[in-house]
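The chain contents come next:
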Amino acid sequence: MQSKQTQQLVERIFRFNKLMHTHMAQMSDCSPGELKMLTAITCAIDEQKEQGSELPGISASKISKILMHSKPATSKMLNTLEAKGDIERIYSKLDRRTVFITVTEKGRERADQFREETDAYTNKILERLGVEKTNQMFECMDALYEIVKEIHEEDSTKNKQ
C-alpha cells in the first residue's frame, strides 16, 4: 500500500506534467515530444557550431542520448518531424550509412517560437512564485534529481549483476 506522501508526490508530478503538456499542445500543431525533440536538435546543432564543428547536422544516435529515448522512438519522431518539414536528413558523401539531422527554416522558426513562448510562460510562473519560493523550489528539485539519479544508478548496477 502506498503511503500518503508517496501518493501525494506521484499525484503532484502527474498533475504538473499534464498541465505543462496541455499548455505545450496549445502552442503548436506539434506534440510536446516533437517540440522537445525539435528544440533539442536545434540547441545541439547550435552548440556544435559554437564549438567550431563543420558537421552538417547531428546524428540520430546523439539525439537519442540527449533525450534519453530509444533509437526506434527517436527514429519514429524524426520521421514525423521530417514529414512536417521541420527537419531534413543529410546523407554523408563519404559514407551513405552516415546520416545527419538538420533543422529546416520552418523547423528553426517553430523551435524559436516555442522557446520564446516557453520563456514568457516560465517568467510569468517565476514572477508569481517570487524569488524566495523559486529558490526553495530549485533546491528541492535539485535534491529530488540527485536522489532519483542515485536510485537509478543503484538499480542499474543491481540489474547488471
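See the structure printed just above.
Residues numbered from 1 in each chain as written. Predicted model: local features only at pLDDT ≥ 70, side-chain atom pairs only at ≥ 80, totals over all residues. Heavy atoms only, no water.

According to the stated counting rule, one finds six salt bridges in the structure shown. One salt bridge connects Glu 11 with Arg 15, and the closest N-O pair in it is separated by 3.0 Å. In this pair, Glu 11 and Arg 15 both sit in helix α1 (residues 4-27), four residues apart, roughly one turn of the helix. The shortest N-O distance in the salt bridge between Arg 115 and Asp 112 comes to 3.9 Å. In this pair, Arg 115 and Asp 112 both sit in helix α5 (residues 105-129), three residues apart, roughly one turn of the helix. A residue is classified by how much of its surface remains accessible, and Asp 112, at 29% relative accessible area, is partly exposed. (Salt bridge = Lys/Arg side-chain N within 4 Å of Asp/Glu carboxyl O. Helix = DSSP H or I, 4+ residues; strand = E, 2+ residues; numbered from the N terminus. Buried < 20%, exposed > 50% of the residue type's maximum accessible area, 1.4 Å probe, protein only.)

For the rest of this paragraph, the subject is the environment of Ala 40. Structurally, Ala 40 is set in helix α2 (residues 32-50). When the C-alpha positions of Ala 40 and Lys 149 are compared, they lie 21 Å apart, and in sequence the two are 109 residues distant. In contact with Ala 40, other than residues within four places in its own chain, are Ile 66 and Leu 67. (Contact = heavy atoms within 4.5 Å.)

What follows deals with the side chain of Thr 39. Looking at where Thr 39 falls in the secondary structure, it is placed in helix α2. A residue is classified by how much of its surface remains accessible, and Thr 39, at 12% relative accessible area, is buried. If near-sequence neighbours (up to four positions away) are discounted, Thr 39 is found in contact with Ala 111, Phe 114 and Arg 115.

The subject of this paragraph is helix α3 (residues 60-67). For α3, the set of buried residues is Ile 63, Ser 64 and Leu 67. The arc that holds every buried residue of α3, seen down its axis, measures 105°, which confines them to one face. Looking at the buried residues of α3, the elements they touch are α2, α4 (71-83) and β2 (99-103). Where α3 terminates, the next one or two residues include Met 68, which has phi positive at roughly 55°. (Arc of directions from axis to C-beta.)

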